[in-house]
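Residue strings, one per chain:
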Amino acid sequence: MANFTTTRILLPISSPASNKPSSSFIALSNYVNMLNVKPIKSALISVFSKDNLEPIIRKLNELGVTIYSTGGTEAFIKKHGIPVTAVEEITSYPSILDGRVKTLHPKVFGGILARREDSHLAQLDNYEIPEIDLVIVDLYPFEETVANTSEESEIIEKIDIGGISLIRAAAKNYKDVVVVPSRNEYAMLLELLEEKKGYTDRNDRKAFAHRAFKISAHYDTAISAYFNEEEPRLNLNGQPSRTLRYGENPHQQGRFYGDLEAMFDKLNGKKLSYNNLVDIDAAVSLMKEFKDDEPTFAVLKHTNACGTATRDTVLEAWKAALAGDPISAYGGILICNKEIDLATAKEIKKLFYEVLIAPSFEEKAIKVLSKKKNGENNTRVLLKIKDFTVQNKLVKSVLNGVIEQDADSKIEAAEDFKTATKRAPSSSEIEDLVFANRCVKHLKSNTIVLARGKQLLGMGCGQTSRIDALKQAIEKAKNFGFELEGAVMASDAFFPFPDCVEVAAAAGIKAVVQPGGSIRDELSINKCDELGLSMVLTGTRHFKH
């Protein structure tokens, strides 16, 4: 709900004896003047998106507001039987240059920018310019057009000129004019109209103006970035945002900028926290690697996958992923690339988890996963993911600035592997090497993954040395009952020494995938030949800090 100032207008109170305004009435009048309460008598509407616009135009008509409009918006209003005056009737000029010039006229901008004081109002009267109290705009979708086409002429036509000018003019004159700068504010306006019966105060108008200048700044930055790709800029203005309960810890404040509803439908559970969002991002990034594969499940904790498996069914994939580390799975983030069926839901229900993500859920599965236990609220979050798309740029604050990089979108397939040893890996080993290499890419460096049969058996991550990461992976695998004979090993970066090969071979590892690139590569390759292991090189490092 929007946070509007509630102003109640009381009936005038006068003294029966003197018929003069009472002190109560004078105090009320001063209060109203201080808030600068004004009625909306006229509105200019020129929008790209007409979704959810109908309730607004009907409410404005109910309140007796004169509506001015242009082009497609005017036709939309007429279609719904609402009286509307064409802007051309004000300006005496038609829309020209294929619609590039419609509202850019003194008789439009004069009515918006005029201060409601005698000198300005006199000029409006002299030039027969109507006052405009409300401006509703939704800009051409420039960023969406850039994302969907490389055709320059189409992109250029989606640079809004009149709309952005209307927004800035109305926002500048917020003391007298309400500005609605995008479809994201339609609901806010409707709530305000219904709550205050067509009146607004200075605080209301200033709040809308603040949003307007954020959207204007974001829009201009996007256009600037298109014309100057070599100088990308970070700009959060105009992005939907929400305050989080707290940041990484309770004593830290947190905020999310972005449109979660564009990625997910939330089917159940509490509000997502800062840590939830970070873990969900890691989960989606990982599962993007497997989105078109056979049923694959992953379990993540603190952004690291502690269990991942691909199987013939979703239930089998869940059981195999959970087996990778059933202890760390408690309170984790779960993600699958296929629909969650009832049988799988019943098994997942046995575990306490924070978030479960999948492309779809059977109705019966939703009921099982949403059901309360012992009368307590079920806070577990169910997210139906619409698309496994993640950011192609990563930004991080450091020191007194920020650093930016491309996301690590490189995915190595079997054909990218270069066999470096005398023994080449078998077909089943190659499948496992591809699987393990996908997993290792998404763990914190230094990291090692051990896998067999498209199942993560053990992982070591976040270690200061690669040999420590390997030892951790072996220990975890053995702790959860896995035999490592015939398993494969993946490393996110090269082996500077042959010690990892020696330890891996002693544990039963038979094939290794790593980027290569060390001046000592031959030491590890020769050790593999000596111990009968196969090793393939990818040429691509996957550090993750």
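For the structure given in this document, a descriptive report is provided here. Please read these numbers as outputs of a predicted model, since none were measured by experiment. For every chain, the first residue of its written sequence is number 1, and the numbers climb from 1 along that sequence. Local features in this predicted model are restricted to residues whose pLDDT is 70 or higher, and side-chain atom pairs enter the listing and the counts only when it is 80 or higher, whereas totals over whole chains, interfaces and linings include all residues. Hydrogens and water are ignored here; the side-chain numbers use all heavy atoms of the structure.

### Points about the overall build of the protein chain
Phase 1 of the analysis: By definition, any uninterrupted DSSP run of H or I lasting at least four residues is a helix, any uninterrupted run of E lasting at least two residues is a strand, and each is numbered from the N terminus. Within the protein chain, the regular secondary structure consists of 19 helices and 23 strands.
Phase 2 of the analysis: Atoms counted for the radius of gyration: C-alpha only. Globule rule: 2.2 Å times residue count to the power 0.38. The C-alpha radius of gyration computed for the protein chain amounts to 31 Å, which surpasses the reference 24 Å derived for 545 residues by more than 25%, pointing to a less compact arrangement than a globule.
Phase 3 of the analysis: If you line up the protein chain on its principal axes, its C-alpha atoms span 105 × 60 × 45 Å.
Phase 4 of the analysis: Type-normalised accessible area, obtained with a 1.4 Å probe on protein chains alone, sets the label of each residue: buried when under 20%, exposed when over 50%, and partly exposed for intermediate values. Classification of the 545 residues of the protein chain by burial places 47% in the buried group.
Phase 5 of the analysis: Contacts spanning at least 24 positions in sequence make up 59% of the contacts within the protein chain whose residues lie at least 6 apart.
Phase 6 of the analysis: Residue-level accessible areas treat just the shown protein chains as cover; the underlying method is Shrake-Rupley with a 1.4 Å probe. On the protein chain, roughly 28,100 Å² of surface is accessible, and the fraction owed to carbon and sulfur atoms is 50%. Whether two residues touch is decided by their heavy atoms; if any such pair falls within 4.5 Å, the residues are in contact.

### Quick notes on the pattern of salt bridges
When the charged atoms of two side chains with opposite charge come close together, those side chains can pair.
Phase 1 of the analysis: The salt bridge criterion pairs a side-chain nitrogen of Lys or Arg with a carboxyl oxygen of Asp or Glu, the two atoms within 4 Å. In this structure the tally under the stated criterion is 27 salt bridges.
Phase 2 of the analysis: Linking Asp201 and Lys196 is a salt bridge whose minimum nitrogen-to-oxygen distance equals 2.9 Å.
Phase 3 of the analysis: For Lys196, a relative accessible area of 10% puts it in the buried group.
Phase 4 of the analysis: Residue Glu261 pairs with Arg242 through a salt bridge whose shortest N-O separation is 3.1 Å. Note that Glu261 is positioned in the loop between β9 (255-257) and β10 (264-268) and Arg242 in strand β8 (residues 241-243), a separation of 19 residues in sequence.
Phase 5 of the analysis: Arg242 gets classed as partly exposed once you look at its relative accessible area, which sits at 33%.
Phase 6 of the analysis: Ionic contacts of the salt-bridge type, sharing partners, join the residues Arg116, Glu131 and Asp133 into one network.

### Examining the nonpolar core
Phase 1 of the analysis: Phe297, Ile340, Ile357 and Val449 are the most contacted members of the largest nonpolar core, which totals 65 residues.
Phase 2 of the analysis: No other element matches helix α12 (residues 274-288), which puts 7 residues into this core.
Phase 3 of the analysis: Residues in contact with Val449, not counting those within four places in the same chain, are Ala436, Cys439, Val440, Leu443, Leu456, Gly458, Met459, Val488, Met489 and Ala490. The set of buried Ala, Val, Leu, Ile, Met, Phe, Trp, Tyr and Cys residues whose side-chain atoms join them within 4.5 Å is what this entry labels a nonpolar core.

### So, the environment of Leu369
Phase 1 of the analysis: The topology assignment puts Leu369 in helix α15 (residues 363-370).
Phase 2 of the analysis: Remark: the alpha-carbon pair of Leu369 and Tyr219, spanning 150 residues in sequence, is separated by 41 Å.
Phase 3 of the analysis: Apart from the residues lying within four places of it in its own chain, the contact partners of Leu369 are Asn268, Ile340, Ala345, Ile348, Lys349, Tyr353, Leu356, Phe361, Asn378 and Leu382.

### Section: the sheet that holds strand β6 (residues 178-180)
Phase 1 of the analysis: Taking strand neighbours across the sheet as the criterion, the 5 strands line up as β4-β3-β2-β5-β6 in an open arrangement whose pairing is parallel. Of all strands in the sheet, those with a lone pairing partner are β4 (85-86) and β6, marking the two edges.
Phase 2 of the analysis: Where strand β2 (residues 42-47) lies against strand β3 (residues 66-69), 4 bridges are found, and the strand directions are parallel. Counterpart to Ile45 in the pairing with β3 is Ser69. Strand pairing follows a simple DSSP-based rule, namely that at least 2 bridges must link the two strands.

### Concerning unusual backbone geometry
Phase 1 of the analysis: Cis geometry marks the peptide bond from Ser445 to Asn446, where omega comes out at -10 degrees.
Phase 2 of the analysis: As for its placement among the helices and strands, Asn446 is situated in the loop between α16 (427-440) and β19 (448-451).
Phase 3 of the analysis: Positive phi, close to 50 degrees, is recorded for His302, a residue that is not glycine.
Phase 4 of the analysis: Considering the arrangement of structural elements, one finds His302 in the loop between β11 (296-301) and β12 (304-310).
Phase 5 of the analysis: Phi is positive for Lys454, close to 55 degrees, though the residue is something other than glycine.
Phase 6 of the analysis: Here Lys454 lies in the loop between β19 and β20 (456-460).
Phase 7 of the analysis: For Lys454, a relative accessible area of 29% corresponds to the partly exposed category.

### Observations concerning the pairing of β2
Phase 1 of the analysis: Counted residue by residue, β2 has 6 buried out of 6 residues, so it is predominantly covered.
Phase 2 of the analysis: Judged by which residues are buried, β2 turns out to be covered on both faces: Ser42, Leu44 and Ser46 on one side and Ala43, Ile45 and Val47 on the other are all buried.
Phase 3 of the analysis: Both β2 and strand β5 (residues 134-138) contribute to a ladder of 5 bridges, which runs parallel. The residue of β5 that forms the bridge with Ile45 is Ile136.

### Quick word on the environment of Phe495
Phase 1 of the analysis: Take Phe495: it is sitting in the loop between β21 (488-491) and α18 (499-507).
Phase 2 of the analysis: Relative accessible area serves as the criterion here: at 0%, Phe495 is assigned to the buried category.
Phase 3 of the analysis: For the pair formed by Phe495 and Arg242, sequence separation is 253 residues and the distance between their alpha carbons is 44 Å.
Phase 4 of the analysis: In this structure, Phe495 is in contact with Ile448, Arg466, Met489, Cys500, Val512, Gln514, Ser518, Ser524 and Met535, ignoring residues within four places of it in sequence.

### Let's talk about helix α5 (residues 106-113)
Phase 1 of the analysis: The set of residues buried in α5 consists of Val108, Phe109, Gly110, Gly111 and Ile112.
Phase 2 of the analysis: Where α5 is buried, its residues contact β2, α4 (87-91), α6 (118-126), β5 and α9 (162-172).

### Considering the side chain of Lys441
Phase 1 of the analysis: Turning to its location among the elements, Lys441 is positioned in the loop between α16 and β19.
Phase 2 of the analysis: Exposure remark for Lys441: the relative accessible area of 6% places this residue in the buried category.
Phase 3 of the analysis: Side-chain polar atoms of Lys441 contact the backbone oxygen of Lys410, separated by 2.7 Å.
Phase 4 of the analysis: Not counting residues within four places of it along the chain, the set of residues in contact with Lys441 comprises Glu289, Asp408, Ser409, Lys410, Ile411, His542 and Lys544. In protein, a polar contact means a hydrogen-donor-capable atom and an acceptor-capable atom, both N or O and within 3.5 Å, with residues adjacent in sequence counting only if both atoms are side-chain atoms; elsewhere, any N or O pair within 3.5 Å suffices.

### Description of the sheet that holds β21
Phase 1 of the analysis: Pairing in this open sheet of 6 strands is mixed, and the strands run β18-β23-β22-β21-β19-β20 from one edge to the other. Looking at which strands have only one partner, the edges of the open sheet turn out to be β18 (418-419) and β20.
Phase 2 of the analysis: One ladder, built from 4 bridges, connects β19 with β21; its direction is antiparallel. Among the inter-strand pairings, Val449 is bridged to a residue of β21, identified as Ala490.

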